[in-house]
Amino acid sequence: MRTKPLAAVLALALALTACAESGGGESAAPSDVSKELTKENITLKLAYTDDPPSKALISAFEAEHPNIKIDAQQTPFSDYVKSIKLSMAADTPPDIAEYNPGAMRSLVPAGLIYDLTAYEKLYSWNDGFPAASLEVLRSNKEAKEYGTGGLYAVPGALSVLGVYYNKQLVQAAGITKPPSTLDEFRANLAAVKGKGTTPFSLGGLEVGGFQLWNALTNSLGDETQYRDWVYGKPGSTIQTDAAKQAAQTVVDWVGAGYIPASANATADADAQANFVGGKSAYLITGNWAASVIEKGMGDNVGFFLLPQAKTGESTVASGASVAFSISSKTKHPNEAAAFLDFMRSAKAATIQFDTGFMPVNSEAPIQASGLRGDIAGEFKKVVGDNGIVPFPDFASPNMIDRLTSGVQGLLSKQSTPDQFLTSLQESWTQYHG
Amino acid sequence: MADTDTAVLPGRTPVRPGGTSPVRGRRRRSRRLIALAYIAPAALVYIGFAIWPAIHTVYLSFLSWDGILPATWAGLDNYRAIFTDSMLGPSLWHAIVLILFFAVIPCALGLFMTALLQGTTRGMTTFRVIFFLPQVLPLVAVGITWRWLYNDEGLVNQGLRAVGLDGVTRAWLGDYNLALIALGFIGTWAMSGLCMVLFLAGAQKIDTSLYEAVAIDGGGPVRRFFAVTLPALRGEITIASVITTIAALASFDLVFVTTNGGPANQTTVPGLLVYRLAFNESNIGGAAALAVVLTLIVIVFVTAIRRLTREKP
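*Asks:* Please set out the overall build of chain B residue by residue, giving values where relevant.
*Replies:* In terms of helices and strands, chain B carries 13 helices and two strands. Whereas a compact globule of 313 residues would reach a radius of gyration of roughly 20 Å, chain B reaches 26 Å, over 25% beyond that. In terms of overall dimensions, chain B has C-alpha extents of about 90 × 75 × 30 Å along its principal axes. Summarising the internal contacts of chain B: among those between residues at least 6 apart in sequence, 66% fall at separations of at least 24. Accessible area of chain B: about 17,600 Å², with a carbon and sulfur share of 68%.

*Asks:* Explain the confidence of the model for chain B to me, using residue names and the numbers behind them.
*Replies:* For chain B, the average pLDDT comes to 87, and 92% of its residues sit at 70 or higher. Residue range residues 1-16 of chain B is modelled with pLDDT below 50. Its contacts to residues more than four positions away, or to other chains, number 12 contacts.

*Asks:* Can you explain the interface of chain A and chain B? Please cite residues and give values.
*Replies:* Each side of the interface is counted separately: chain A has 36 residues, and chain B has 35 residues. Buried area between chain A and chain B, summed over both chains or domains, comes out near 3,000 Å², and the portion from carbon and sulfur atoms is 62%. If you look at where chain A meets chain B, you find three salt bridges. The closest approach of N and O atoms between K279 of chain A and E153 of chain B, which form a salt bridge, is 3.3 Å. In this structure, the connection of chain A to chain B is made through seven residue pairs in polar contact (both at pLDDT 80 or more). Of all the elements in the fold, those that place two or more residues in the side of chain A that touches chain B are α1 (3-18), α3 (77-89) and α17 (399-411) of chain A.

*Asks:* Before we move on, could you go through the domain arrangement of chain B and cite the residues and values that matter?
*Replies:* Taken domain by domain, chain B comprises domain 1 (4-50) and domain 2 (78-308). The C-alpha centroid of domain 2 of chain B is placed 43 Å from the C-alpha centroid of domain 1 of chain B.

*Asks:* Please provide a residue-by-residue account of empty space enclosed by the protein, values included.
*Replies:* Residue and element names in this part refer to chain A. Within the structure shown, the criterion is met by three cavities of 30 Å³ or more. Computed from the structure, the largest cavity encloses a volume of approximately 70 Å³. Lining the largest cavity are T217, G221, D222, Q225, Y226, T237, I238, T240, A242 and A243. Taken together, the elements giving at least two residues each to the lining of the largest cavity come down to α10 (223-231) and α11 (241-255).

*Asks:* Pulling in residues and values, what's your account of the domain arrangement of chain A?
*Replies:* All names here are of chain A. Under the domain assignment, chain A is made up of domain 1 (28-159 + 321-376) and domain 2 (160-318 + 390-432). Domain 1 and domain 2 are separated by 29 Å when their C-alpha centres are compared. Each side of the interface is counted separately: domain 1 has 18 residues, and domain 2 has 25 residues. Across the interface of domain 1 and domain 2, roughly 1,900 Å² is buried in total on both sides, 56% from carbon and sulfur atoms. Interface area lost by domain 1 to domain 2 is led by Y146, S159 and L371, which between them contribute 31%.

*Asks:* Hey, could you go over the packing of helix α12 (residues 270-280) of chain B against helix α13 (residues 284-308) of chain B for me, with residue numbers and the actual values?
*Replies:* All names here are of chain B. Where α12 contacts α13, the two axes come as close as 7 Å, and the packing angle between them is 160°. Comparing the axis directions of α12 and α13 gives the class roughly antiparallel. Once α12 is placed against α13, the crossing between them reads as left-handed. When α12 is examined against α13, the residues P270, G271, L273, V274, L277 and A278 are found in contact with a partner set consisting of I284, G286, A287, L290, A291 and L294.

*Asks:* Now, about the packing of α17 of chain A against helix α18 (residues 417-432) of chain A: what can you tell me, with residues and values included?
*Replies:* All names here are of chain A. Closest axis-to-axis distance for the α17/α18 pair is 9 Å, and the angle between their directions is 175°. Taken together, the axes of α17 and α18 are roughly antiparallel relative to one another. Of the residues in α18, those touching α17 at M399, R402, L403, G406, V407 and L410 are P417, F420, S423, L424, E426, S427, W428 and Q430. Taken together, the residues that form the contact of α17 with α18 break down as eight nonpolar, four polar and two charged.

*Asks:* Pulling in residues and values, what's your account of the environment of A157 of chain A?
*Replies:* By the secondary structure assignment, A157 of chain A is in strand β6 (residues 154-166). A157 of chain A sits 71 residues away from L86 of chain A along the chain, and the two C-alpha atoms are 25 Å apart.

*Asks:* Which residues make up α3 of chain A, and what values go with them?
*Replies:* Residues and elements named next belong to chain A. With 13 residues, α3 ought to run about 18 Å at 1.5 Å a step, and its terminal C-alpha atoms sit 19 Å apart, in line with that. At S83, α3 shows its strongest bend, of approximately 40°. For α3, the set of buried residues is Y80, I84, K85 and M88. Among the structural elements, β1 (42-48), β3 (96-99) and α4 (101-104) are those in contact with the buried residues of α3.

Reading guide: rules and limits
- Residues numbered from 1 in each chain as written.
- Chains lettered and ligands numbered in written order.
- Predicted model: local features only at pLDDT ≥ 70, side-chain atom pairs only at ≥ 80, totals over all residues.
- Heavy atoms only, no water.
- Helix = DSSP H or I, 4+ residues; strand = E, 2+ residues; numbered from the N terminus.
- Rg over C-alpha atoms; globule rule 2.2 N^0.38 Å.
- Contact = heavy atoms within 4.5 Å.
- Areas by Shrake-Rupley, 256 points an atom, 1.4 Å probe, with all protein chains shown as cover.
- pLDDT = per-residue confidence, 0-100.
- Buried area = accessible area lost by both parts, 1.4 Å probe.
- Salt bridge = Lys/Arg side-chain N within 4 Å of Asp/Glu carboxyl O.
- Polar contact = N/O pair within 3.5 Å; in protein donor to acceptor, adjacent residues only side chain to side chain.
- Domains from an automatic or database assignment.
- 1 Å grid on protein atoms, 1.4 Å probe; cavity = no way out; pocket = protein on both sides within 12 Å on 5 of 7 lines; lining within 4 Å.
- Points joined across faces, edges and corners; volume = space filled by probe spheres on them.
- Axes fitted to C-alpha atoms, helices over the stretch in contact; angles between N-to-C directions.
- Parallel < 35°, antiparallel > 145°, perpendicular 65-115°, else oblique.
- Left-handed = near helix turned anticlockwise from the far one by under 90°.
- Nonpolar A, V, L, I, M, F, W, Y, C, P; charged D, E, K, R; others polar.
- Expected span 1.5 Å × (residues − 1).
- Bend = angle between axes of the 7 residues up to and from the residue.
- Buried < 20%, exposed > 50% of the residue type's maximum accessible area, 1.4 Å probe, protein only.

Written out as structure tokens, the structure is:
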């Protein structure tokens, strides 16, 4: 019996020594930045989760630089967000990693990914990358405020949130063109409902629910106020009239039968399948779903951005990117930066578009028709208005849970818009306050 | 290191006066070394993969650590945060409700089936396989299957429509008031077979003469069940309720794949909150603290069950 306490003491001693956890605390910047690349044969390790577009972009880059080989490792998203932080903290991390703000934010203060500002100046990245697409990847050294400070990743493909519509169902309700104001859209929803069609498919179990609220907030509200809030600018709040009105609209639409009663038990993929199967006239999601939807619906589907409250207001829509960061432990920072720079090239633009995303370089000439044409046209408009704003779950680590459960409360009419927004602001204050 | 086993124990030959001879001592020591060598592999695995992580978790619960930056000592802050968090109370209550569906109903069902099937030999293996099957399936697969069964046009609602109950059909897992109950029944389905198989195995060792005695006394099947079967299965009932209660309190996978805590946090359980703290919020200390609290709660419940079902001397 006497060995038991001994083992416990030993184990405890081990625990205490083992927990001299990894160091850091300073943000890292590369030295010797140069456009001059090595002539030797080198291999860069790259960790990513999104494909398309990653694989095609990597092959195209390798074709341009025969001496640089990229050893790419794909991980499914849910595993990626759990493991990438640890692999970046390891002794031999990947040289390049797809950036995920939620999972990798703490790598910034730990100094494990490079502040790319020096490369941004060297390559003049402000030319060729839309300002809003870089802005969202900036952060202060403490990773508490975004949109300012150092640049920690560069986008490799862009996405935007909008409304897909079933042309036949919409035409059957006598609607001939996409709405130009939110009120017009409301009228369209009523007309569709009048024909006996459920207007929306909605994945309330996952992110679909709060994306509806998000799109409405963008449409009704002041974009600067919203952006500041997501970026964690001191003193910001989401308890605004617009956000409240957006939440109330969600409640109203449930009451009017525009949103199916089963939304809270519907996963995003199921909502998408319902829309493709013709069970609803509209679906709010991003262009990342475009290729699957187009395959299922062919010419019968179109896309528009949720219109603003009034005509003539500049367009605002949430968007994100597949972005890449560089490890501060890499031996080849210049070559890794060249890979990032490749993302704004015309060649990359073609790949990004062909794989269903929006090209980073909006100036690149793109030929498209049908659904892709709709998306490209709408995207160009919102980029031109500098109206791409980040998704709300970016604001703080547990915001996604608050958003999902909060909108579920609205959908089941168990919580009020005020309670929903209070809960969001509480999470924001916990992290930024 | 005085040997405990050289002390005089009742029923053992007392140690020879004059103490242990050097030869015997050496032999005993070497025998003990051999014993240790036999235990070592299992003990090392157990210490390395069960005891050590548990101790480490307790240690982590006193830290403020995001998994990357240097950890700082947090003292009891993580525990304080847990008990002031408005999410813990409801999630614990949900776990307790789940005990009804994961433990109480399955044990009752298992006993009922045992009473029915006891003594039958025809098709017994088939019954056992069918009822035990849910235990073999991973809970994640079970959860996904049930999500389909419960959805708007799933089998459950189809069945209700077929018998004219159109009015009650709904997406069960998305219903604010019924989601937890719907979730609970998945647990009932998964756990009942385990209880039944345990009880059937236990019932086989019951001496048939006891049943004959009841029959002679004029007792029917109900009397037979309460007078003989139920007391004889005391041990099995304890085991089954401990296993299923732990499954209810520490549930995570089933909830994660079916509702993920929704709608509007109506089905959150402590296990899910541990996961969210660790992986969504990078709050390793908080997650460890909640895990420690959850462990203590499980221990309290298990102790209570064992006391309740203990045979009175």
